[in-house]
Amino acid sequence: MSEGTSIGDLAKATGTKVVTIRYYEKIGLLPEPPRTSGNYRAYEASHRARLHFIRRCRDLGFTLEQVRELLDLSKKTDRDCAAVDALALDHLAEIKRKIADLKRLEKELRRISDCCQGGTIGDCRIIEALSAP
């Protein structure tokens, strides 16, 4: 990516929507780029690298606040990485909780679906089970 890349080209290069890039700028995750003489955003290689980092974190389910914290920590290159480890382990624990919740949900939906014997909606056991308090 050359110096002075447009927002559209940055969006294509990173698979990120233009509106998302602007949002990340607005909330301070992505620094605002310099402007051209025509007042267009001119993104640099550092913007692309940072946006890739943000996207990868988001793909792994990190919240925007966690991404912000990871970005802040990444600036402290000579510091012990215990804070990064702790953040990653906390996120992993949250993922495990979500997986357990999804497994319970799967089991309940399977149980409800197994009760279905066909017929009319008026006699539907799934609707009946979902309607119970």
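Preceding block: the structure.
The following paragraphs examine the structure supplied in this document. (Residues numbered from 1 in each chain as written. Predicted model: local features only at pLDDT ≥ 70, side-chain atom pairs only at ≥ 80, totals over all residues. Heavy atoms only, no water.)

### Here's the deal with the environment of alanine 88
- Following the sequence through the fold, alanine 88 ends up in helix α5 (residues 82–114).
- Each C-alpha atom, one on alanine 88 and one on phenylalanine 62, is 8.9 Å from the other, the two residues being 26 residues apart in sequence. (Helix = DSSP H or I, 4+ residues; strand = E, 2+ residues; numbered from the N terminus.)

### Points about the side chain of histidine 91
- Relative to the assigned elements, histidine 91 resides in helix α5.
- Reaching out from histidine 91, the side chain makes a polar contact with the backbone oxygen of leucine 60 at a distance of 2.8 Å.
- Once you skip the residues sitting within four places of it in the chain, histidine 91 turns out to touch Leu60, Gly61, Phe62 and Gln66. (Polar contact = N/O pair within 3.5 Å; in protein donor to acceptor, adjacent residues only side chain to side chain. Contact = heavy atoms within 4.5 Å.)

### Quick word on the pattern of salt bridges
- Counted by the stated rule, this structure contains seven salt bridges.
- Among the salt bridges present, the one from glutamate 94 reaches arginine 97, with a minimum N-O distance of 2.6 Å. Residue glutamate 94 and its partner arginine 97 are both found in helix α5; the two are separated by three residues, about one turn of the helix.
- Relative accessible area serves as the criterion here: at 30%, glutamate 94 is assigned to the partly exposed category.
- Judged by its relative accessible area of 46%, arginine 97 is partly exposed.
- As a salt-bridge pair, aspartate 101 and arginine 104 come within 2.1 Å of each other at their nearest N and O atoms. (Salt bridge = Lys/Arg side-chain N within 4 Å of Asp/Glu carboxyl O. Buried < 20%, exposed > 50% of the residue type's maximum accessible area, 1.4 Å probe, protein only.)

### Let's talk about helix α3 (residues 45–59)
- The end-to-end C-alpha separation of α3 is 21 Å, in line with the 21 Å expected for 15 residues at 1.5 Å each.
- Restricting attention to buried positions, one finds in α3 the residues His47, Leu51, Ile54 and Cys57. Projection of α3 onto a plane perpendicular to its axis shows the buried side chains occupying an angular sector of 120°, all on one side. In α3, the exposed positions that point more than 90 degrees away from the buried face belong to Arg56 and Asp59.
- At its buried positions, α3 is contacted by α1 (7–14), α2 (18–26) and α4 (64–74).
- Following α3 by one or two positions, glycine 61 has its phi on the positive side, about 90°. (Expected span 1.5 Å × (residues − 1). Arc of directions from axis to C-beta.)

Scope: geometric values only; no functional claims are made or implied.
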